[in-house]
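The lines below spell out each chain.
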Amino acid sequence: MDLMGMMGKLRETQQKIEDTKQRLNTVLIDEQSSDGTLNVTLTANRTIKSISIDDSLLEDKEQLEDYLILVLNKAIEKATKVNEAELDAVAKMDMPMIPGMDNLFK
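Residues numbered from 1 in each chain as written. Predicted model: local features only at pLDDT ≥ 70, side-chain atom pairs only at ≥ 80, totals over all residues. Heavy atoms only, no water.

### Describing the sheet that holds strand S3 (residues 48-53)
Next up, step 1: Pairing within the open sheet is antiparallel, and its three strands lie in the order S1-S2-S3. The open sheet has two free edges, formed respectively by strand S1 (28-32) and S3, since each of these has just one partner strand. Sheet twist, expressed as the mean angle between neighbouring strand axes with direction ignored, is 10°. (Pairing = 2+ DSSP bridges. Helix = DSSP H or I, 4+ residues; strand = E, 2+ residues; numbered from the N terminus. Axes fitted to C-alpha atoms, helices over the stretch in contact; angles between N-to-C directions.)

Structure representation (structure tokens):
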């Protein structure tokens, strides 16, 4: 593949990555506390969309804070895995093989 062809392929791949990022804004990740009193939803791009807190948690600030930390971290971890898997798949599928750059997306 010539240099112009590789540059065109890189631009095409970059556009596919941007399209995938936009699509990931519509992929929702739900997570909840073990007792179901706290629920969060965020996108695969790690934007919080909603938080639902049972009234019983409003009486115990420390428990609420602990639940928020635990549940948000679990949701962010899940969203990150989805995000990385999707973007890696697009990048690996469409990237031209450029010598010395084969480890770039690992």
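On we go.
### Looking at the nonpolar core
Next up, step 1: Ile29, Leu38, Val40, Leu42, Leu57, Leu64, Tyr67, Val71, Leu72, Ala75 and Ala79 together form the largest nonpolar core, which totals eleven residues.
Next up, step 2: Those residues in contact with Ala75 that sit more than four places away from it in its chain are Ile29, Glu31, Val40 and Leu42.
Next up, step 3: Of all hydrophobic cores here, the second largest spans six residues; its members include Ala44, Leu87, Val90 and Ala91. (Core = buried A, V, L, I, M, F, W, Y, C linked by side-chain atoms within 4.5 Å. Buried < 20%, exposed > 50% of the residue type's maximum accessible area, 1.4 Å probe, protein only. Contact = heavy atoms within 4.5 Å.)

### Side note on the confidence of the model for the protein
Next up, step 1: Overall, the predicted model of the protein reaches an average pLDDT of 87, with 87% of residues at or above 70.
Next up, step 2: When mean pLDDT is taken per element in the protein, strand S2 (residues 38-43) scores highest with 98 and helix H1 (residues 3-24) scores lowest with 85. (pLDDT = per-residue confidence, 0-100.)

### Comments concerning the pairing of S2
Next up, step 1: With respect to burial, S2 is a largely interior element, five of its six residues being buried.
Next up, step 2: Note: S1 against S2, five bridges, orientation antiparallel. From the neighbouring strand, Glu31 faces S2, where its bridge partner is Val40.
Next up, step 3: Connecting the antiparallel pair S1 and S2 is a turn made up of five residues, with Gly36 showing a positive phi of about 75°.
Next up, step 4: Of the pairings in the sheet, the one linking S2 to S3 comprises five bridges and is antiparallel in character. From the neighbouring strand, Leu42 faces S3, where its bridge partner is Ile48.

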